[in-house]
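Listed here are the chains, written in short residue letters.
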Amino acid sequence: MKKLFLHITLFFSLVCFSQNEQLAQYYYDKGDFEKAKISYEELLESVPQNLQYFLRTVDCYQQLQQYDIAEKAIQARLDKYKQGSLLVELGYNFQLQKKEDKAKINYDLALDRIRKNPNEVYAISNSFEKKVLLDYALKSYQIASDLVPNYNFNYQKGLLYGQMGNTEMMISTFLDEALANPQNSILIQNQLARYITDDGDADFSNLLRKALILRVQKSQDLFWNRYLSWYYVQQKEFSKAFIQEKAIYKRNPESLANIVSLIQLAIEEEDEATANEMLSFVIENTKDLELLVQAHSYIIKLKIDKAKEKDFTSINSELDRLLAEYEITPFTLSLQLIQAHFVAFNLKKPEKARVIITKALELQLNDYDIAKVKMELADILLYEEKFNQALIYYSQIEMDLKNDIVAHEASLKAAKTSYFKTDFVWALKQFKELKSANTQLIANDALEYFLLINDNTVADSTQTALAAFAKGDYLLYQNRNQEAIIQFQFILQKFKGQEIEAVTLLRLGKIYEKTADYNLALSQYQSIIDHHSDGIYIDEALYFSAEIYNKKINEPEKAKPLYEKILFGHEDSIYFVEARKSFRRLRGDKNL
């Protein structure tokens with residue numbers, strides 16, 4: 001019983017202590033330093049050894065300009081605990097009073113403590129950094145490194161040089177550290193990437209490029225070719241990155257993996273010319289069956305994406321030739337699935353496509369490959385309006401690969417199937433769950449459809465316009481673009497001025513973009529900008545218009561103000577980062 005009472009007493013003591021800490025934090029954040037001071041003094045009295053409570057108490061004194069009290073408190077603690085970092089606190093207290101000489105004396109005393117005991121560098125340098133005394137923090141690290149050669153503070157020093165605006169020293173220090181400790185290379189690249197993309201020294205990107213080129217020229221170490229390749233990828237200059245990767249491969253022809261990764265990035269950024277050049281290089285330089293199939297799969301996909309109807313026969317013949325050459329095996333599954341999709345969605349022969357899929361399912365496949373085949377089969381069944389059969393296969397994938405990204409993709413497709421069926425209640429429930437998916441693309445897609453269904457149900461409880469729109473989306477899914485255009489134009493006529501209008505204009509714009517009717521696409525987006533500027537599709541209309549002007553019809557001066565509107569009016573847009581990069585590039589910034 002006594003132990004029980006003891007536990008209960010301790011529990012309530014901890015609860016009360018936690019509440020007092022929260023109250024002190026609340027007053028401090030609110031700027032009520034008088035009350036915060038009293039609260040922190042009480043906490044410090046309970047736990048006198050707690051440095052954080054002490055520093056917060058001193059900060060309250062300083063905020064209230066009670067510098068004498070702060071000085072006495074710091075000196076008393078220094079006498080008691082002998083911590084070198086308290087010399088920084090004492091110096092800073094003098095600095096706040098404009099007593100620069102006394103401040104310098106204490107800062108120098110702190111540096112002397114490091115000379116006597118280099119282990120104190122961590123606490124002292126940290127105190128200097130918190131007070132934004134960057135020169136002293138840098139000296140702290142330098143003194144400790146000189147005394148103990150094993151100490152390595154290059155990363156910390158690089159960060160400090162960056163904060164001080166000394167970009168050349170930051171780059172040099174970071175690159176030295178990357179070479180000396182390759183395990184820190186990704187950490188350093190992340191920091192350098194921040195300076196490339198964030199506001200800062202306009203010459204940073206150029207300085208980094210020159211530093212890397214110089215190291216490539218001076219050294220035979222392939223490490224710098226890899227770093228320069230990484231730099232060009234950040235700039236989306238994939239052809240220049242490829243030059244570095246070729247140089248690496250010629251001297252060390254062990255793996256083409258980096259070039260394959262570069263191909264994927266180039267395709268994602270629509271740099272098809274460079275992608276095709278790299279694919280040809282891979283095919284010429286490997287006998288690895290898996291890699292050859294992967295390369296040919298990329299090439300054929302690029303051809304399909306740009307193909308006109310007159311090209312379909314030759315593309316299918318090429319697929320037949322490749323599968324005859326490399327045979328129907330698990331290694332050629334990607335080509336088999338591409339052909340099945342092409343036959344169904346482009347040649348409009350879903351029955352023949354299902355025959356290809358059936359043969360693929362007879363192969364000895366792993367669980368992931370089986371899921372890929374079932375996904376394609378479900379997609380074809382959905383194309384044929386066999387909604388329930390498609391849902392069965394999507395559900396099987398969800399069950400077989402629970403919580404995997406492939407399962408989330410199947411869930412999204414199942415939700416879209418319900419949407420195409422106009423089962424909006426069930427589709428809305430599924431999209432709502434997928435909004436929080438770990439994969440950003442799936443989450444964004446789910447959010448788009450959730451808002452579409454939700455907003456248009458609120459605006460029209462009969463869901464008549466939404467059903468007509470879902471039909472248009474289904475025609476798009478079936479690759480029946482001209483029929484989809486007619487359907488969306490019908491919606492604009494019948495439901496003019498209603499909630500559905502803006503998203504219909506957006507859909508038409510994307511179809512016209514796909515068919516290279518850029519003026520028609522721009523007119524749809526302009527209608528959204530003119531008549532739906534307060535809606536949720538305005539940032540997309542601005543961004544897609546800017547991209548057409550910038551990348552499709554070469555009128556960058558018209559793109560610039562559209563990007564700018566996103567930057568200053570739509571900071572929460574998913575296109576904000578890309579709009580900022582494009583705007584800076586058009587403005588002529590060297591730092592992109």
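Residues numbered from 1 in each chain as written. Predicted model: local features only at pLDDT ≥ 70, side-chain atom pairs only at ≥ 80, totals over all residues. Heavy atoms only, no water.

Some details on the overall build of the chain
Each helix and strand counted, the chain has 32 helices and zero strands in total. Against the 2.2 N^0.38 benchmark of 25 Å for 592 residues, the chain shows a C-alpha radius of gyration of 32 Å, more extended than a compact globule. When the backbone C-alpha atoms are referred to their principal axes, the chain occupies close to 85 × 65 × 65 Å. Expressed as a percentage of its 592 residues, the buried residues of the chain come to 47%. Within the chain, contacts between residues at least 6 apart in sequence are counted, and of these 51% link residues at least 24 apart. Surface summary for the chain: the accessible area is close to 31300 Å², and the carbon and sulfur share equals 51%. For the chain, the distance from the average site of its 72 positive side-chain charges to the average site of its 83 negative ones is 2 Å. (Helix = DSSP H or I, 4+ residues; strand = E, 2+ residues; numbered from the N terminus. Rg over C-alpha atoms; globule rule 2.2 N^0.38 Å. Buried < 20%, exposed > 50% of the residue type's maximum accessible area, 1.4 Å probe, protein only. Contact = heavy atoms within 4.5 Å. Areas by Shrake-Rupley, 256 points an atom, 1.4 Å probe, with all protein chains shown as cover. Lys, Arg positive; Asp, Glu negative; His and termini not counted. Charge placed at Lys NZ, Arg CZ, Asp CG, Glu CD.)

So, the environment of N276
As for its placement among the helices and strands, N276 is situated in helix α16 (residues 272-284). Its relative accessible area of 31% is what places N276 among the partly exposed residues. When the C-alpha positions of N276 and E571 are compared, they lie 36 Å apart, and in sequence the two are 295 residues distant. What N276 contacts, discounting residues up to four positions off in sequence, is I299 and L302.

What to know about the nonpolar core
Counting residues in hydrophobic clusters, the biggest one holds 91 residues, and the most contacted among them are Y394, Y419, F431, L452, F469 and I500. Sort the elements by how many residues they give to this core and helix α21 (residues 367-383) lands first, with nine residues. Contacts of L452, omitting those with residues within four sequence positions, involve Y419, L466, F469, I500, V503, R507 and Y537. Counting residues in each nonpolar core, the second largest holds 84 residues, with L90, F153, L192 and L302 among its members. (Core = buried A, V, L, I, M, F, W, Y, C linked by side-chain atoms within 4.5 Å.)

Quick notes on the packing of helix α30 (residues 538-552) against helix α32 (residues 576-587)
The N-to-C vectors of α30 and α32 enclose an angle of 35°; their axes lie 11 Å apart at closest approach. Helix-helix and strand crossings are classified by hand; for α30 and α32 the assignment is left-handed. When α30 is examined against α32, the residues Y543, E547 and N550 are found in contact with a partner set consisting of E578, A579, S582 and L586. Of the residues in the contact of α30 with α32, the class split is three nonpolar, two polar and two charged. (Axes fitted to C-alpha atoms, helices over the stretch in contact; angles between N-to-C directions. Left-handed = near helix turned anticlockwise from the far one by under 90°. Nonpolar A, V, L, I, M, F, W, Y, C, P; charged D, E, K, R; others polar.)

Describing the pattern of salt bridges
Counted by the stated rule, this structure contains 31 salt bridges. For K240, the salt bridge goes to E237, with nearest N and O atoms at 3.3 Å. When its relative accessible area of 37% is taken as the criterion, K240 is described as partly exposed. We classify E237 as partly exposed; its relative accessible area is 28%. Taken together, the shared-partner salt bridges in this structure form one network comprising K236, E269, E578 and K581. (Salt bridge = Lys/Arg side-chain N within 4 Å of Asp/Glu carboxyl O.)

What about the packing of helix α26 (residues 464-477) against helix α27 (residues 481-494)?
Helix packing geometry: the angle between the two helix axes and the distance between the axes. With their axes 8 Å apart at the nearest point, α26 and α27 run at an angle of 165° to one another. When the axis of α26 is compared with that of α27, the two are roughly antiparallel. Between α26 and α27 the crossing geometry is left-handed. Residues A468, F469, K471, G472, D473, L475 and L476 of α26 lie in contact with α27, whose contacting residues are N481, E483, A484, Q487, F488 and I491. (Parallel < 35°, antiparallel > 145°, perpendicular 65-115°, else oblique.)

A short note on the side chain of E540
Among the secondary structure elements, E540 is positioned in helix α30. When near neighbours in sequence (up to four residues on either side) are disregarded, E540 contacts L506 and Y575.

Concerning helix α10 (residues 167-180)
A rise of 1.5 Å per residue sets the reference length of α10, with its 14 residues, at 20 Å; its end C-alpha atoms lie 20 Å apart and thus fit the reference within 8%. Within the sequence span of α10, burial applies to T167, M170, I171, T173, F174, L175, E177 and A178. (Expected span 1.5 Å × (residues − 1).)

Notes on the packing of aromatic side chains
Applying the stated rule across the entire model yields 36 aromatic pairs. Ring plane angle 55° and centroid distance 5.3 Å describe the contact between F420 and Y474, whose orientation is recorded as tilted. Here F420 is found in helix α23 (residues 405-420), whereas its partner Y474 is found in helix α26, with 54 residues between them in sequence. The burial state of F420 is the same as that of Y474; both residues are buried. An aromatic cluster of at least three residues, connected via ring pairs, comprises F345, Y383, F387, Y419, F420, F424, F431, Y449, Y474 and Y477. In this arrangement the basic side chain of K139 is found over the ring face of Y136, its NZ or CZ atom lying 5.0 Å from the centre. (Phe/Tyr/Trp six-rings, centres within 6.5 Å; stacked < 30°, edge-to-face > 60°. Lys NZ or Arg CZ within 6 Å of the ring centre and 35° of its normal.)

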